[in-house]
Amino acid sequence: MDYKSLVGIQSQLEMGSLENGSTDDLEDESVFSPESVAQKTHSTQAAEQGMHPGWSQAHVEKMFRNVIYRSVKTVIFSNKLNLLMPFGPLAIIVNKYTDCHGWVFFLSLLGITPLAERLGYATEQLAFFTGATVGGLLNATFGNATELIISIYALKNGMTRVVQQSLLGSILSNMLLVLGCAFFCGGLVFHGKEQLFNKATAVVNSGLLLMAVMGLLFPAVLHYTHTEVHFGKSEMALSRFSSCIMLLAYAAYLFFQLKSQRNQYVHIEEEVSQNEEIHDDDEAPEISKWESIIWLSIMTAWISILSEYLVNAIEGASIALKIPIAFISVILLPIVGNAAEHASAIMFAMKDKLDISLGVAIGSSTQIAMFGIPFSVVVGWIMGRPMDLNFQLFETATLFITVLVVAFLVQEGTSNYFKGLMLILCYLIVAASFFVHVDPTSDDDSQLKP
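Residues numbered from 1 in each chain as written. Predicted model: local features only at pLDDT ≥ 70, side-chain atom pairs only at ≥ 80, totals over all residues. Heavy atoms only, no water.

A. Representation of the pattern of salt bridges within the structure. The full count for this structure, using the stated rule, is three salt bridges. Residue Arg161 is joined to Glu395 by a salt bridge in which the shortest nitrogen-to-oxygen separation is 2.7 Å. Remark: Glu395 occurs in helix H17 (residues 392-410) and Arg161 occurs in helix H7 (residues 160-189); sequence separation between them is 234 residues. By relative accessible area, which is 11% here, Arg161 ends up buried. Its relative accessible area of 1% is what places Glu395 among the buried residues. (Salt bridge = Lys/Arg side-chain N within 4 Å of Asp/Glu carboxyl O. Helix = DSSP H or I, 4+ residues; strand = E, 2+ residues; numbered from the N terminus. Buried < 20%, exposed > 50% of the residue type's maximum accessible area, 1.4 Å probe, protein only.)

B. How the structure looks around the side chain of Ser166. Assignment of secondary structure puts Ser166 in helix H7. For Ser166, a relative accessible area of 7% gives the class buried. For Ser166, the side chain forms a polar contact with the main-chain oxygen of Val163, separated by 3.0 Å. Dropping the residues within four chain positions of it, Ser166 is found in contact with Ser151, Ser329, Leu333 and Pro334. (Polar contact = N/O pair within 3.5 Å; in protein donor to acceptor, adjacent residues only side chain to side chain. Contact = heavy atoms within 4.5 Å.)

C. Representation of the environment of Thr113. Within the secondary structure, Thr113 is located in helix H5 (residues 101-142). For the pair Thr113 and Gly337, spaced 224 residues apart in the sequence, the C-alpha separation amounts to 6.8 Å. Those residues in contact with Thr113 that lie beyond four places of it in its chain are Leu81, Leu84, Val336 and Ala339. In this structure the side chain of Thr113 is engaged in a polar contact, spanning 2.8 Å, whose partner is the backbone oxygen of Leu109.

Structure representation (structure tokens):
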């Protein structure tokens, strides 16, 4: 028997095994894996030798279709929140054919909500393949990507106050509303006991948030006491210097958290190991690395498109709906960006995993305060926009009091539904305050001009 006959028999056996159901294994492999490339090359060589021409191309096309179908089904059709996705294209249509800025803003807001949640999902899936250190950097970069994208478009349009207030609102929303709902729902489920969490981690995050308050407080005090060396310039120089220091501190925090202090999270790993049999499926990635990267790119691009429509409609929506821009920026925009954090924090709290809930809520606030805000100052510096850390006295005082309240409530390392209710009620007071707050930026801007 010659070599071609042996290869032909082997090819027929392989086809038979594929017809008997082995395609299910191939469907689970990533289209971009080296194995799939090798299989395609082997099949092409077989076709060139005159054996079963066309089988290789048909099989690869089928494998592509199966992987795409499975990926779309997992990412798009596995979450009920994705029913809001059609509102994004609808916002673009309404903006093109009408002048209803209120509807454009509202529809864009609804369209971005599921995209923000899916962006967090794709980041979590990619973190399975990158390890803890890179995964932490990914979460720092993409965990609040929605707020950062909206901020960049607002900076591009010269709306620095919208940037400042939306980032501030994201911190307030995470610390009061998200954490409050997590404490409240977890306390209702486990009403017979006080839930426990790692106090050391909460203290470190509270310290970073107080450092962020310091960075925001000094430029505001410098401005309102008129003690600048160079009026109108020292405040900006201090803001940019402080932003670089805050970015450096956040990078050191990431290193501290992921490298030096892993033993702080030992009890979390022990808890996971105890429930390993129950949560094995949750610990495995649902999509491949390349699928995660592709979906991450798609979601980021789509959020960028809708963010432009959202930012352009803010002023018109404020006039049409008779709602202050401060309320839209501080309350409405952050609720959309924090949709994923809100759902995740509540879910983990109801499973008695408050360490993860605190990591989601306070950790996200720390990311915005120590990374998002100084990053926006640096981007504004590059773009030539006067973005600084002077968030005005009203906003700075609100942040300072919020950080103090949360720091006092988490210092014991316990939670219950009453603590959660207190945080939720505090957020309602903050929301009402910004609803009646008039932003005095026009007067301040005129004073800055010599």
